[in-house]
Amino acid sequence: MFQRPKLQCPSREFASFRIRFLNIFTLLLTVIGCSVYSPAVVAQDDPDAIYQLGPDSNPQEGVPKGKIISGVWNSTIFEGTTREYSVYIPAQYFTRQPSCLMVFQDGHAYLDKTGQFRVTEVFDNLIHRGELPVTICVFVDPGHKGNGIPDNRWSSNNRSIEYDTLSDKYARFLQFELIPHIKTDLSLNISTDPQDRAICGISSGGICAFTVAWEHPEWFSKVLSHVGSFTNIRGGHNYEAMIRKTPRKPIRVFLQDGSNDLDNEHGNWWLANLSMESSLKFKMYDYRFEGGTGGHNGKHGGAILPDSLRWLWRDHVGAPPDQPETPSAKIDIEQTYERRSIRYTGGEYKNEEFQYRLMKPAATANVNADGGEKGDVEGKKFPLVVFLHGAGERGTDNSLQLLYLPSLMASPRWRDRYQCYVLAPQCRPDRKWVNSDWSAPKDPVMAEKPTDQIAAVMQMIDQTIADEQIDVSRIYLTGLSMGGFGTWDLALRQPDRFAAIAPICGGVDCSRLRVLRSVPVWIAHGDDDTVVPVERSRNAYVALAEVGARVTYVEWPDVGHNSWTPTFTDPDGMVPWLFRQKR
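Note on numbering: residues in each chain are counted from 1, in written sequence order. Where local features are concerned, this predicted model is filtered to residues with pLDDT of at least 70; where side-chain atom pairs are given and counted, the filter is 80 or more; whole-chain, interface and lining totals use all residues. Excluding hydrogens and water, the side-chain values take into account all heavy atoms of the structure.

1. Remarks on the overall build of the chain
The following threshold applies: Runs of H or I in DSSP of at least four residues are treated as helices and runs of E of at least two as strands, each being numbered from the N terminus. Note on classification: 1.4 Å probe, protein chains only; a residue is buried when its accessible area is under 20% of the maximum for its type, exposed when over 50%, partly exposed between these limits. Any two residues having at least one pair of non-hydrogen atoms within 4.5 Å are treated as being in contact. Surface accessibility follows the Shrake-Rupley procedure with a 1.4 Å probe radius. Residue values consider only the protein chains on display as shielding.
Helix and strand counts for the chain come out as 19 helices and 19 strands. Across the 583 residues of the chain, 56% fall into the buried class. Sequence-distant contacts in the chain: of pairs separated by 6 or more residues, those separated by 24 or more amount to 75%. Here the chain displays about 24600 Å² of accessible surface, and carbon together with sulfur accounts for 50% of that area.

And the structure:
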């Protein structure tokens, strides 16, 4: 079995001590007139020898290969510069669904199939195994002014200006020039959600990656820096204080460096990265620092690249691949979902009991079953997923509605991956969540008042929030077919309640959708649906896009009415997206 390379990391306590020791020792040596101590003096002969690429970084039999398309770009933002770029499109890329994006500075180094990183091999292997989302990678070299591009891409004469300068100019170059060109030229569907976008670089490209996300977290939210130059080349040493004095930004940062990195007139790279780690820790960022013994190169970063990417994209895959489902993992759905009820008094129902099912997070359920102390669970809040079933699951047995998403969420690997409550109400026989003609050629018109079925669901949600440990900033709503209509209707009536909604093959009064412009929406429909016309979802997507909403629309090709199965089971699709949202 492949053993991942050990991360040769001095402890944070040791690193902190070393900083203090070096500062004091340097001062003493300066006072007595001695030369300043350098960590490289005591370095082993080859501090990078311990770092070796593993199988994830090499071609694997049976793994489909992505394609690479290259081009040249003449910039207007960096006037007079020319640069090469390449685009990696994974074999699993699906044009109907927005792909994630990762940009690599000094792209030639990361693209080199015999180099220290071998990014495309890593993405091929990890996407194939479901450990990374489907991601389009852009490898871009720094700009060069003059005739031709130098054979040594590291010597492009505009590199330091673009990479080391603390401004948003390079971010604007990506956002407004290169990425739009690539999307148009190659007809690519790339997500605009910052959670779906990462940026990476080595040395000056590392600080450049951080600067892009720091300046525009609404464009990029993930940073991977290898031996980043957070030193005083063009003011990068100021980040240590800037991070501490600036409100925390919604970015995730992975830093890698080695104790034998550069030490020159610009600063000490190792100490600069330790200072960055200290500032990120102080400000409680979502970050990880991997320190080693290496020098100013990509050997350590390349050896841990697969793990780095898994950490960076950890919330984009549905379930850990090392927890496969087995026959012994079968569950008793009736036992997993508790039977609950409310007394509903509206409309035609006079003090009748409306039953529903509730699954608790595995953490709280295990505590309750064992009768032990709550410990870490006590006081913790969990997301709530509200699921509205389709017409075929109506009834009074309080069981049929557990098909599809409720069953999926109760499976061991998904339940462990997403610690949440799942609320599954059941619509009465011969009733609808919304009184609409599902097959009508026009969009439905929203009724002034909700049906009793939806009103009862509202009461169930209120009761669940009152009784359970619900994180009210993470309440999600989804439904299929009849439940897709119900999802739209309930969200329109309570737009401030839900962190995100996902109506599947449903329909909505598009004239009312402006109220959802601040609610993330994922719409799915099959293009061969003969029960609910696909135009219902297409119209909703257009209406939401027109008001500037955060909307994702996936139209499954050659799929009929059952568009919920591919939607729910897609390992880097709707379900992982849902849990990334927060109100």
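From this point on, the discussion continues.
2. Some words on the sheet that holds strand E14 (residues 382–388)
As a reminder, the rule being used: For two strands to be treated as a pair, DSSP must find no fewer than two bridges joining them. Think of each axis as a best-fit line through the C-alpha atoms, taken over the contacting stretch in the case of a helix, with angles from 0 to 180 degrees between the N-to-C directions.
Here 8 strands make up an open sheet; going across it, the order is E12-E13-E15-E14-E16-E17-E18-E19 and the pairing mixed. Each of the sheet's edge strands pairs with one partner strand only, and the pair in question is strand E12 (338–344) and strand E19 (551–556). When the angles between neighbouring strand axes are averaged without regard to direction, this sheet yields 20°. Here 4 bridges tie strand E13 (residues 352–359) to strand E15 (residues 421–425), and the two strands are oriented antiparallel to one another. Note on E15: the bridge partner recorded for Leu358 is Leu423. Contacts from helix H15 (residues 452–467) reach E12, E13, E14, E15 and strand E16 (470–480) within the one sheet, and its direction differs from that of E12 by about 120°.

3. Side note on the nonpolar core
Where we set the bar: The definition of a nonpolar core used throughout is a set of buried Ala, Val, Leu, Ile, Met, Phe, Trp, Tyr and Cys residues joined through side-chain atoms within 4.5 Å.
Core analysis: the biggest nonpolar cluster contains 75 residues, and Met102, Phe123, Leu174, Phe210 and Phe220 have the highest contact counts within it. Non-local contacts of Met102, meaning those with residues more than four positions away in its chain, are made with Phe123, Thr135, Ile136, Cys137, Val138, Ala198, Ile199, Cys200, Leu224, Leu309, Leu312 and Trp313. Ranked by size, the runner-up nonpolar core spans 51 residues in total, among them Tyr356, Ile470, Met482 and Ala543.

4. Quick look at the packing of aromatic side chains
How we decide: Paired rings are identified among Phe, Tyr and Trp, the last through its six-membered ring, by centres lying within 6.5 Å, and are further divided according to the angle between planes into stacked (under 30 degrees), edge-to-face (over 60) and tilted (the rest). Charges are assigned to positions over rings by a cutoff of 6 Å between ring centre and Lys NZ or Arg CZ, combined with an angular limit of 35 degrees from the ring normal.
Under the defined criterion, the tally for this structure stands at 28 aromatic pairs. Where Tyr88 meets Phe123, the ring centres are 6.2 Å apart and the plane angle is 55°; that geometry is what we call tilted. Separated by 35 residues along the polypeptide, Tyr88 in strand E2 (residues 81–89) and Phe123 in helix H3 (residues 119–128) bring together distant segments of the chain. Grouping aromatic residues by their ring pairs yields a cluster made of Tyr88, Phe104, Tyr110, Phe117, Phe123 and Phe139. Over the ring of Phe173 we find Arg83; its NZ or CZ atom is 4.3 Å from the centre of that ring. Cation over ring: Arg197 sits above Phe220, and NZ or CZ is 5.8 Å from the ring centre.

5. Re the packing of H15 against helix H16 (residues 482–493)
In plain terms, the rule: Left-handed is the label given to a crossing in which the near helix is rotated counterclockwise from the far helix by less than a right angle, and right-handed is the label when the rotation is clockwise. Amino acid classes used here: Ala, Val, Leu, Ile, Met, Phe, Trp, Tyr, Cys and Pro are nonpolar; Asp, Glu, Lys and Arg are charged; the rest, including Gly, are polar.
Relative orientation of the contacting elements H15 and H16 amounts to 65°, with a least axis distance of 11 Å. Handedness of the crossing formed by H15 with H16: right-handed. From H15, Ile454, Val457, Met458 and Ile461 reach across to H16, where they touch Gly486, Asp489, Leu490 and Arg493. For the contact of H15 with H16, a count of residues per class yields 5 nonpolar, 1 polar and 2 charged.

6. What to know about the confidence of the model for the chain
Put simply, the rule reads: A score between 0 and 100, pLDDT records how confident the predictor is in each residue.
For the chain, mean pLDDT is 90; residues scoring 70 or higher make up 88% of the total. Note that residues 1–16 has pLDDT below 50 and, in this model, 24 contacts with residues that lie over four places away or in other chains.

7. Remarks on unusual backbone geometry
In this model, Arg118 sits at a positive phi of 55°, which is unusual for a non-glycine residue. By the secondary structure assignment, Arg118 is in the loop between helix H2 (107–111) and H3. The phi torsion at Ser481 lies on the positive side, around 55°, for a residue other than glycine. Its location among the elements puts Ser481 in the loop between E16 and H16.

8. Focus on the environment of Phe104
Examined against the element boundaries, Phe104 turns out to sit in strand E3 (residues 100–105). Its relative accessible area of 0% is what places Phe104 among the buried residues. Apart from residues no more than four positions distant in its own chain, Phe104 is found in contact with Tyr110, Val119, Phe123, Cys137, Val138, Phe139, Val140 and Cys200.

9. Examining a nonpolar patch on the surface
Here is the rule: Patches here: salt-bridge-free residues with over 30% relative accessible area, like charges joined within 9 Å, nonpolar side chains (Val, Leu, Ile, Met, Phe, Trp, Tyr) joined within 5 Å. By definition here, a salt bridge exists when the distance from a side-chain nitrogen of Lys or Arg to a carboxyl oxygen of Asp or Glu is within 4 Å.
A cluster of nonpolar side chains, contributed by Leu400, Leu403 and Tyr404, occupies part of the molecular surface with about 240 Å² of accessible area. Positionally, Leu403 belongs in the loop between E14 and helix H13 (405–410). Here Leu403 falls in the partly exposed class, since its relative accessible area comes to 38%.

10. Considerations on the pairing of strand E1 (residues 67–74)
As defined by bridge partners, E1 adjoins E2 across 8 bridges and the pair is classed as antiparallel. Bridging from a neighbouring strand, Asn74 pairs with Thr82 of E2. The turn joining E1 and E2, which pair antiparallel and follow one another in sequence, is formed by 6 residues; a positive phi near 85° is taken by Gly80.

11. A few points about the packing of H3 against helix H10 (residues 305–312)
Which entries qualify depends on this criterion: Oblique is the label for any angle not covered by the other classes, which are roughly parallel (under 35 degrees), roughly antiparallel (over 145) and roughly perpendicular (65 to 115).
Taken N-terminus to C-terminus, the directions of H3 and H10 make an angle of 55°; their axes are 10 Å apart at the nearest point. Put simply, H3 runs oblique to H10. The two elements H3 and H10 cross, and the hand of that crossing is right-handed. Packed against H3, whose contacting residues are Val119, Val122, Phe123 and Leu126, the element H10 presents Leu305, Pro306, Leu309 and Arg310 at the interface. Here the residues of the contact of H3 with H10 are counted per class, giving 7 nonpolar, no polar and 1 charged.

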